[in-house]
Amino acid sequence: MISSGNLSKLCLRRLSTGTIRMADFSVAQLRVSYRDKGDLLIENSLESKNPFQLFDIWFKKASERDDVRQPNAACLATATKSGIPSARFVLLKSFDESGFTFYTNSESRKGRELDENPVAAMTIYWDALDRSVRIEGSVDKLGESESAEYFNTRPKASQIGAHVSRQSTVIAGREVLSELNEKLEAEYADKPVPKPSYWNGYKIVPRTMEFWQGQSDRLHDRLVFERAEQAAEKQISGCHPGENGWVLYRLSP
Ligand SMILES: Cc1cc2nc3c(=O)[nH]c(=O)nc-3n(C[C@H](O)[C@H](O)[C@H](O)COP(=O)(O)O)c2cc1C
């Protein structure tokens, strides 16, 4: 088994021929142990059968740990209308029973994709907890005032950064950004930075939420929450009643 310390050795070595190959060991041999055999995710003894509350419990647990530096880092997948996917990390900025909110530039690749195809999948992985949550649903763009309310709480440097970066456009070099940043820092030295119209919040309204927990015997737990009427339409058998209009079922790992 390869320890996490050895991960630092996972580097690319440039050979004299100019080709690049993986050094030291095979990535395929990387393996970790998950949790104790008794610590299972069982339908009848969940901390909550409301998926938002369960997410809240898991999120708090992740947030309390020193070894989870960014518990709100989430991989967000979007797609064009013709189905070409793209994924990138964003920071989850709030969540409640209405959905999961992040902020971004509406003119970016993800912004354009959400505009033409307002659905998304978001996955969080808390390595230290051996837990992951997958959220899938439709996406609502927040209104100007709601986005501005959050924008106004951001550090000034981040607010200026939103003006500096026309996210996902090609630029000639780093100096393009640093020069504009310097100029805007001077311009806004004594006044508040307004929210750019292209910088907005988006809320994923989940149709399904999956809670995954790794197990050492590799028989990992996967519990999916789905809206009751949607599960009934799909005639999913083996559903257990959840709370607030949700049902849950187990998937094979
Ligand atoms: C941990 C992490 C958090 C990030 N958070 C955000 C975010 O909240 N909003 C955002 O627009 N980009 C965020 N980024 C940058 C994006 O991953 C991405 O580079 C950028 O949004 C452009 O993506 P796009 O061209 O697919 O639209 C983050 C990157 C990382 C690694």
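Residues numbered from 1 in each chain as written. Predicted model: local features only at pLDDT ≥ 70, side-chain atom pairs only at ≥ 80, totals over all residues.

The name an unreviewed UniProt entry gives the protein is pyridoxal 5'-phosphate synthase, with Cinara cedri as the organism. Check the Function (unreviewed entry) section of the UniProt entry for the protein; it says "Catalyzes the oxidation of either pyridoxine 5'-phosphate (PNP) or pyridoxamine 5'-phosphate (PMP) into pyridoxal 5'-phosphate (PLP)." (UniProt positions renumbered as here; feature names shortened; annotations may be inferred.)

Q: Break down the site of the ligand for me, citing the residues and quoting the values.
A: Arg 88, Thr 104, Ser 108, Arg 109 and Ser 168 are the nearest of the 16 residues found near the ligand. Counting only elements with at least two residues in the shell around the ligand, the list comes to strand S4 (85-91), strand S6 (99-105) and helix H2 (109-116). Ranked by the residues each element gives to the shell around the ligand, the list is headed by S4, at five residues. When the residues that make up the shell around the ligand are grouped by side-chain class, the tally is six nonpolar, seven polar and three charged. (Near = placed C-beta within 6 Å. Helix = DSSP H or I, 4+ residues; strand = E, 2+ residues; numbered from the N terminus. Nonpolar A, V, L, I, M, F, W, Y, C, P; charged D, E, K, R; others polar.)

Q: Please provide a residue-by-residue account of the packing of helix H4 (residues 156-164) against helix H5 (residues 174-187), values included.
A: Direction vectors running N to C along H4 and H5 enclose 125°, while the axes themselves pass 9 Å from each other. Comparing their axes, H5 and H4 come out oblique. Regarding H4 and H5, the two cross each other, and that crossing is right-handed. When H4 is examined against H5, the residues Ile 160, His 163 and Val 164 are found in contact with a partner set consisting of Leu 177, Leu 180, Asn 181, Leu 184 and Glu 185. Its residues assigned to classes, the contact of H4 with H5 shows five nonpolar, two polar and one charged. (Axes fitted to C-alpha atoms, helices over the stretch in contact; angles between N-to-C directions. Parallel < 35°, antiparallel > 145°, perpendicular 65-115°, else oblique. Left-handed = near helix turned anticlockwise from the far one by under 90°. Contact = placed C-beta atoms within 7 Å.)

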